[in-house]
Amino acid sequence: MADQYAQTPNGSEPPRLPSLRWEEPPEGPVVVLLDQTRLPAEEVELVCTDVPALVRAIQTLAVRGAPLLGITGAYGVALAAVRGYDVDEAAALLAGARPTAVNLAYGVRRAAGAYRVALEKGEGRERAAEAALAEARDLHREDAEASALMAGHGLALLDELLPGGGHRILTHCNTGALVSGGEGTAFAVALQAHRAGRLRRLWVDETRPLLQGARLTAYEAARSGMAYTLLTDNAAGSLFAAGEVDAVLIGADRIAADGAVANKVGSYPLAVLAKYHHVPFVVVAPTTTIDPHTPDGASIEVEQRAGQEVTELTAPPQVATGAGGGGLPVAPLGTQAYNPAFDVTPPELVTAIVTELGVVSPVTGGGIAELCARSRRVTIS
């Protein structure tokens, strides 16, 4: 196979762009987001002054990725509290913006819980708002710390599974700094391998229909100077058949109690291919993505998105014109489209789940329960 790839020149990595931050200008606090719908063509920020603006950003995927959605939800509650809006209403709007990503509701619950506890102590709305903001900042910091820990655990697992280095990793969707308070989940592991001189190739699925792999993962890989190659989703099978994949690394939007994993649609076929070709299939996600209240994969609610994302190629916002958003039709008018945002991979196809607390392998309900118990002990202590 021809060894063609894109790579940035050697040298120090560029500074990481913050995907989200809290600011307090004179006119009032805001949540500032890097608009991911405009990448890689433009690095443009959205300034959200209220919760409806944040909800729109979440639903249009201007901000996305399970861990970052949790952080966004927490800051959204804090924004409502500090600006004097109805916190319960804001929490409900935020938690329902995207149903599959469990981190979103988790972040909302944490900030809203801190707000309510402060009120119950008689501290007043201003102090309660400060408590919500402090909780959001804690979650942001914890996610960055979890990202670094997952990167270390993940690289150690790769070195155990694939002695000798020279890892050729296939990834799907986007799992880097754009989805995290740190350097990401699965992408952070590949980045750690790159920095250690043990990444030979990062294979990047384009990730139809919204091309998060092509637009976002390739963008992050290029900024980091990684050797990467972009492929269409339906080329993955030929890549496995050619013996060019050593491991698959993906993230997760929800992990059920039995170890079933919901992730960007297209992940399940990769798991099947990996199983057939005896290639490790590894999920990298923080423990906040595990939902012990969802018993199995069949119980995971999978978000269904607009068919227009499939029947049209949507122009980037900076060049789109007209009320229709500038989409280029690729199917006959009136074509119905099946467009689930995620699919579910059963635990028997998952080699390991890497979290900040360590690795679960084999992936079983018992292993997930033990990890959740450890997570509770760490949180309490």
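Note that the coordinates shown come from a computational prediction; the quantities given were computed from them, not determined experimentally.

Peer 1: What's the story with empty space enclosed by the protein in this structure? I'm lost.
Peer 2: Over the atoms, a rolling probe the size of a water molecule traces out where space has been left empty. Using the criterion set out here, one finds two cavities of 30 Å³ or more in the structure. For the largest cavity, the calculated volume is near 170 Å³. Residue lining of the largest cavity: 19 residues in total, with Arg 64, Gly 65, Ala 66, Asn 174 and Asp 253 positioned closest to the centre. Elements supplying a minimum of two residues to the lining of the largest cavity: helix H2 (66-82) and strand E9 (261-264). The leading source of residues in the lining of the largest cavity is H2, at three residues. Of the residues assigned to the lining of the largest cavity, the class counts are eight nonpolar, seven polar and four charged. Here the second largest cavity is characterised by a volume of approximately 70 Å³. Residue composition of the lining of the second largest cavity, grouped by class: six nonpolar, two polar and four charged.

Peer 1: How should the environment of Gln 192 be read in this particular structure?
Peer 2: Note on placement: Gln 192 falls in helix H6 (residues 186-195). Residue Gln 192 is classed as partly exposed on the basis of its relative accessible area, which comes to 28%. Sequence-distant contacts of Gln 192, that is, excluding residues within four places in its chain, are made with Ala 151, Gly 152 and Leu 155.

Peer 1: What is the right way to look at the side chain of Gln 212 in this model?
Peer 2: Mapped onto the elements, Gln 212 comes out in helix H7 (residues 212-223). What makes Gln 212 buried here is its relative accessible area of 2%. Excluding residues within four positions of it along the chain, Gln 212 makes contact with Leu 61, Arg 64, Cys 173, Asn 174, Glu 206, Thr 207, Thr 217 and Lys 264.

Peer 1: In this structure, what is going on with the nonpolar core? I would like to understand it.
Peer 2: One broad rule of soluble globular proteins: the nonpolar side chains tend to lie buried together. Among the nonpolar cores identified, the biggest contains 41 residues, and Val 31, Leu 33, Tyr 75, Val 77 and Leu 94 are the most heavily contacted of them. Listed by contribution, the elements that provide at least two residues to this core are strand E1 (20-23), strand E2 (30-34), helix H1 (51-59), H2, helix H3 (87-95), helix H4 (102-120) and helix H5 (124-161). If you tally residues by element for this core, the top one is H2, at ten residues. Apart from residues no more than four positions distant in its own chain, Leu 33 is found in contact with Ser 19, Leu 20, Val 44, Glu 45, Leu 46, Cys 48, Leu 54, Ala 57 and Val 63. Among the nonpolar cores identified, the runner-up in size contains 29 residues, and Phe 240, Val 245, Val 283 and Leu 349 belong to it.

Peer 1: Sorry if this is basic, but what is going on with the pattern of salt bridges here?
Peer 2: It is possible for side chains bearing opposite charge to pair when their charged atoms get close. Going through the model one piece at a time under the given rule, you end up with 20 salt bridges. Put simply, Glu 23 and Arg 21 hold a salt bridge, and the shortest N to O gap is 2.6 Å. For Glu 23, a relative accessible area of 30% corresponds to the partly exposed category. We note a salt bridge from Glu 130 to Arg 127, for which the minimum N-O separation is 3.5 Å. Residue Glu 130 and its partner Arg 127 are located together in helix H5, separated by three residues, close to a single helical turn. In this structure Arg 127 comes out as partly exposed when scored by relative accessible area, which is 48%. Each of the salt bridges in this network shares a partner with another, and the network as a whole consists of Arg 98, Glu 303, Arg 305 and Glu 309.

Peer 1: Is there a simple way to explain the sheet that holds strand E6 (residues 228-231) in this structure?
Peer 2: Strand pairing in a sheet is mediated by backbone hydrogen bonds. Such pairs are either parallel or antiparallel. Here seven strands make up an open sheet; going across it, the order is E6-E5-E4-E7-E10-E14-E15 and the pairing mixed. The strands lining the two open edges of the sheet, one partner per strand, are E6 and strand E15 (358-360). For this sheet, the mean angle separating the axes of adjacent strands, direction not counted, is 25°. Of the pairings in the sheet, the one linking strand E4 (residues 167-171) to strand E5 (residues 199-205) comprises five bridges and is parallel in character. Bridge pairing in E5 links Arg 168 to Arg 201. Packed onto the sheet, H6 meets E4, E5, strand E7 (247-250) and strand E10 (281-284) and runs at close to 155° relative to E5.

Peer 1: Looking at this structure, I do not really get the environment of Leu 54. What am I missing?
Peer 2: Inspection of the secondary structure puts Leu 54 in helix H1. The sequence separation of Leu 54 and Leu 79 amounts to 25 residues, and the corresponding C-alpha distance is 9.9 Å.

Peer 1: Looking at this structure, how should I read the packing of H1 against H3?
Peer 2: Between H1 and H3, the least distance of the axes is 9 Å, while the angle of their chain directions is 10°. Relative to H3, the element H1 lies roughly parallel. Where H1 abuts H3, its residues Val 51, Leu 54, Val 55 and Ile 58 lie against Ala 90, Leu 93 and Leu 94. Looking at the contact of H1 with H3 residue by residue, the class counts come to seven nonpolar, no polar and no charged.

Peer 1: When you look at a nonpolar patch on the surface in this model, what are you seeing that I'm missing?
Peer 2: On the surface, a cluster of nonpolar side chains totalling about 270 Å² of accessible area is made up of Leu 313, Leu 328 and Val 330. Within the secondary structure, Val 330 is located in the loop between strand E12 (328-329) and strand E13 (342-345).

Peer 1: Even after reading the chapter, I still don't get unusual backbone geometry, so can you show me in this structure?
Peer 2: Among all residues except glycine, the phi angle is most often negative; among peptide bonds, the trans geometry is most common. Omega for the bond connecting Leu 39 with Pro 40 falls within 30 degrees of zero, at 5°, which places this linkage in the cis form. As for its placement among the helices and strands, Pro 40 is situated in the loop between E2 and strand E3 (45-48). Put simply, Ser 361 and Pro 362 share a cis peptide bond, and its omega is 0°. Looking at the secondary structure, you find Pro 362 in the loop between E15 and helix H11 (365-380). Residues other than glycine seldom take positive phi values, yet Cys 173 does so here, at roughly 60°. Among the structural elements, Cys 173 can be located in the loop between E4 and H6. Phi is positive for Thr 207, close to 70°, though the residue is something other than glycine. Along the polypeptide, Thr 207 turns up in the loop between E5 and H7.

Reading the values: rules and limits
Residues numbered from 1 in each chain as written. Predicted model: local features only at pLDDT ≥ 70, side-chain atom pairs only at ≥ 80, totals over all residues. Heavy atoms only, no water. 1 Å grid on protein atoms, 1.4 Å probe; cavity = no way out; pocket = protein on both sides within 12 Å on 5 of 7 lines; lining within 4 Å. Points joined across faces, edges and corners; volume = space filled by probe spheres on them. Helix = DSSP H or I, 4+ residues; strand = E, 2+ residues; numbered from the N terminus. Nonpolar A, V, L, I, M, F, W, Y, C, P; charged D, E, K, R; others polar. Buried < 20%, exposed > 50% of the residue type's maximum accessible area, 1.4 Å probe, protein only. Contact = heavy atoms within 4.5 Å. Core = buried A, V, L, I, M, F, W, Y, C linked by side-chain atoms within 4.5 Å. Salt bridge = Lys/Arg side-chain N within 4 Å of Asp/Glu carboxyl O. Pairing = 2+ DSSP bridges. Axes fitted to C-alpha atoms, helices over the stretch in contact; angles between N-to-C directions. Parallel < 35°, antiparallel > 145°, perpendicular 65-115°, else oblique. Patch = residues over 30% accessible without salt bridge, like charges linked within 9 Å, V, L, I, M, F, W, Y side chains within 5 Å. Areas by Shrake-Rupley, 256 points an atom, 1.4 Å probe, with all protein chains shown as cover.

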